[in-house]
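# Breakdown of the fold
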Amino acid sequence: MNAPNRFELFVLDDGEKPVEVTEDTKIPNAATFKIVKQDHTLANMLRAQVLSMPQVLFAGYKVPHPLRPHFVLKIQTDGSVTPQAVLEQACTKLIATLSSLEAKFKREFSFKDAEGAVPEDPYGGTGQAWGTGKDYLDF
């Protein structure tokens, strides 16, 4: 099989930079970011967060090859802010959003543990397993 080892998909090599920035010479106020050792999960979240900013004219990403663990993110702004600053703001907002989600998730599960008397069947059933008791075939 020609798939790389799993650790090669997320562990940076010695001296490898996680982000490479290339200024676009043909499009004004645009830059291309190559983000290594990441995949569609982070790329789509970053793209969505960048597009939510009013200064951004275009944001898109692509994964050049499925066996190479990196993606390319292109951002074009209206000129009031640089693409690098937009990406940095998007990362900060995304980290805050994910931290909030984690806190809410932990809080909800701490309530579940504190209640203790959670019914076995969350859908309101009797708690009997299938095949036990009577069903519609038993007259």
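Just so it is clear, the structure is predicted and the values come from calculations on it, not from any experiment.

Take the nonpolar core next. By size, the foremost hydrophobic cluster in this structure holds 17 residues, and its most contacted members are Phe33, Val50, Ile75 and Val86. Elements with a minimum of two residues in this core: strand E2 (30-36), helix H1 (40-51), strand E3 (56-62), strand E4 (70-77) and helix H2 (83-115). The biggest single contributor to this core is H2, with 4 residues. Excluding its chain neighbours within four sequence positions, the residues that come into contact with valine 50 are Val56, Ala59, Ile75, Val86 and Ala90.

Moving on, we come to the packing of aromatic side chains. Counted under the stated rule, the structure contains 2 aromatic pairs. When the centroid spacing of 6.3 Å and the interplanar angle of 75 degrees are considered together, the rings of tyrosine 61 and phenylalanine 71 count as edge-to-face. Of this pair, tyrosine 61 sits in strand E3 while phenylalanine 71 sits in strand E4, and the two are 10 residues apart along the sequence. Residue phenylalanine 71 is classed as buried on the basis of its relative accessible area of 0%. Residues phenylalanine 105 and phenylalanine 109 carry aromatic rings whose centres are separated by 4.8 Å and whose planes lie at 45 degrees to one another, so their mutual orientation is tilted. Of this pair, phenylalanine 105 and phenylalanine 109 both sit in helix H2, 4 residues apart, roughly one helical turn.

Bringing the pairing of E2 into the picture now. Counting buried positions along E2 gives 6 out of 7 residues, so the element sits mostly inside the fold. Linking two consecutive strands that pair antiparallel, namely strand E1 (residues 19-23) and E2, is a turn of 6 residues; a positive phi of about 55 degrees is found at asparagine 29 within it. Direction of pairing for E2 relative to E4: antiparallel, over a ladder of 7 bridges. Residue pairing across strands places phenylalanine 33 opposite leucine 73, the latter belonging to E4.

Conventions used here
Residues numbered from 1 in each chain as written. Predicted model: local features only at pLDDT ≥ 70, side-chain atom pairs only at ≥ 80, totals over all residues. Heavy atoms only, no water. Core = buried A, V, L, I, M, F, W, Y, C linked by side-chain atoms within 4.5 Å. Buried < 20%, exposed > 50% of the residue type's maximum accessible area, 1.4 Å probe, protein only. Helix = DSSP H or I, 4+ residues; strand = E, 2+ residues; numbered from the N terminus. Contact = heavy atoms within 4.5 Å. Phe/Tyr/Trp six-rings, centres within 6.5 Å; stacked < 30°, edge-to-face > 60°. Pairing = 2+ DSSP bridges.

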